Amino acid sequence: MSEAVPVLDDLRSESEELDQLVAGLGDERWALATPAAGWTVAHQIAHLAWTDRAAFIAVTDPDAFGKLVEEALAAPGSFVDDGAEEGAGLPPAELLARWRAGRAELLAALRAAPRGTRFPWYGPPMSATSMATARLMETWAHGQDVADALGVRRTPTDRLRHVAHIGVRARDFSFGVHGLTAPGEAFRVELVLPSGELWVQGPEDAGQRVTGPALDFCLLVTQRAHRDDLSVRAEGPDAERWLDVAQAFAGPAGPGRPARGATP
């Protein structure tokens, strides 16, 4: 039995919440543009289905996953968009069924994974817990894109702690991808979850810290909102710089979102 049971339960809940958001949409609403340039609601769900499938292969057939890595290396700038484009071309009902089946397969495979197993990925190998946490972060972030396209305000949950965890763990990567040297000291991060519970990381006596609502921090590190529109605060020059470059996802830094009211 995998050690990732709690986050797997949260991943299932996060996926089900997004499923409820899109399940009743007419075909024309699947074609709505989302804040991600060139991506519709269908592209967002197709991307999740594509990534779930890749993760399932990584967990169940590492040799076959090696072929997927070769395909990615052959088209590093387009393989993610290509996967989303292929799925977005399906009829919405078929795409939704594919996403549902794929995420169920992945959850079952991760639940069955022996403790301590690490699986290949496009970056460093991942444990079952790390894989599930990454899938939850992506599901939440792309779900935000869908919600924005539909004009829906989602009710935040304490599942955000998983997104915040990745955001904090990716601190040094965020500096590096911008060509900056990561600070040598740990920061204190104190975030208020939707339930009111305080989520903390880092030493209590750290000289630099980040504080604010967990929702705002997660919107920041997934680049779903501009820092100027969020109530996340930094104490210390390196913490201040981190909030300008923070990202929870692998790959190059994205363009982020413009501040509300900014000229396009």
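Reading guide: rules and limits
- Residues numbered from 1 in each chain as written.
- Predicted model: local features only at pLDDT ≥ 70, side-chain atom pairs only at ≥ 80, totals over all residues.
- Heavy atoms only, no water.
- Helix = DSSP H or I, 4+ residues; strand = E, 2+ residues; numbered from the N terminus.
- Rg over C-alpha atoms; globule rule 2.2 N^0.38 Å.
- Buried < 20%, exposed > 50% of the residue type's maximum accessible area, 1.4 Å probe, protein only.
- Contact = heavy atoms within 4.5 Å.
- Areas by Shrake-Rupley, 256 points an atom, 1.4 Å probe, with all protein chains shown as cover.
- Lys, Arg positive; Asp, Glu negative; His and termini not counted.
- Charge placed at Lys NZ, Arg CZ, Asp CG, Glu CD.
- Phe/Tyr/Trp six-rings, centres within 6.5 Å; stacked < 30°, edge-to-face > 60°.
- Pairing = 2+ DSSP bridges.
- Salt bridge = Lys/Arg side-chain N within 4 Å of Asp/Glu carboxyl O.
- Core = buried A, V, L, I, M, F, W, Y, C linked by side-chain atoms within 4.5 Å.
- Axes fitted to C-alpha atoms, helices over the stretch in contact; angles between N-to-C directions.
- Expected span 1.5 Å × (residues − 1).
- Arc of directions from axis to C-beta.

The subject of this paragraph is the overall build of the chain. When you go through the chain residue by residue, the secondary structure sums to 11 helices and six strands. Against the compact-globule benchmark of 18 Å for 264 residues, the chain has a radius of gyration of 18 Å, which places it among compact chains. For the C-alpha atoms alone, the extent of the chain along its principal axes is close to 50 × 45 × 40 Å. A burial count over the chain gives 48% of its 264 residues as buried. Restricting the contact set of the chain to residue pairs at least 6 apart, pairs at least 24 apart contribute 67%. When the accessible surface of the chain is split by element, carbon and sulfur atoms take 53% of a total near 12,700 Å². Taking the average place of the 25 positive charges on the side chains of the chain and the average place of its 37 negative ones, the gap between the two points comes to 3 Å.

Our focus in this paragraph is the packing of aromatic side chains. Counting across every chain of the model gives eight aromatic pairs. With a centroid separation of 5.8 Å and an interplanar angle of 55 degrees, the aromatic rings of W50 and F79 are classed as tilted. With a gap of 29 residues between them, W50 in helix α3 (residues 41-60) and F79 in helix α5 (residues 79-88) connect regions that are remote in the sequence. Between F65 and W121 the ring centres are 5.5 Å apart and the planes differ by 10 degrees, which places this aromatic pair in the stacked class.

Now for the pairing of strand β5 (residues 209-213). Note: strand β3 (residues 188-192) against β5, five bridges, orientation parallel. Bridged to V189 within β5 is V210.

Here we come to the pattern of salt bridges. Side chains that carry opposite charge are capable of pairing whenever their charged atoms lie near each other. Under the definition given, this model contains 20 salt bridges. The partner of E14 in a salt bridge is R154, and the shortest N-O contact between them spans 3.9 Å. Note that E14 is positioned in helix α1 (residues 5-22) and R154 in the loop between α7 (128-150) and α8 (160-169), a separation of 140 residues in sequence. Neither residue differs from the other here; E14 and R154 are each classed as buried. Residues joined in a network through salt bridges with shared partners are E14, E17, R154 and R159.

Counting 53 residues, the largest nonpolar core has L110, W121, M131, V210, F217 and W242 as the members making the most contacts within it. The dominant element in this core, judged by the number of residues it contributes, is α7, at eight residues.

Another aspect to go through is the sheet that holds β5. Pairing within the open sheet is mixed, and its four strands lie in the order β4-β3-β5-β6. Each having just a single partner strand, β4 (198-201) and β6 (233-235) make up the two edges of the open sheet. Pairwise comparison of adjacent strand axes, ignoring direction, gives a mean angle of 15 degrees for this sheet. Pairing of β3 with β4, which is carried by four bridges, proceeds in the antiparallel orientation. Note on β4: the bridge partner recorded for V189 is Q201. Each of β3 and β5 touches helix α10 (residues 214-221); the most contacted strand, β5, lies at about 115 degrees to it.

Our next topic: helix α6 (residues 92-112). The end-to-end C-alpha separation of α6 is 30 Å, in line with the 30 Å expected for 21 residues at 1.5 Å each. Of all the residues in α6, the buried ones are P92, L95, L96, W99, G102, R103, L106, L107, A109 and L110. When α6 is viewed along its axis, its buried side chains cluster within an angular range of 165 degrees and face the same direction. Along α6, the residues that are exposed and aim more than 90 degrees away from the buried face are A93 and A112. Where α6 is buried, its residues meet α1, α2 (27-30), α3, α5, β1 (118-119) and α7.

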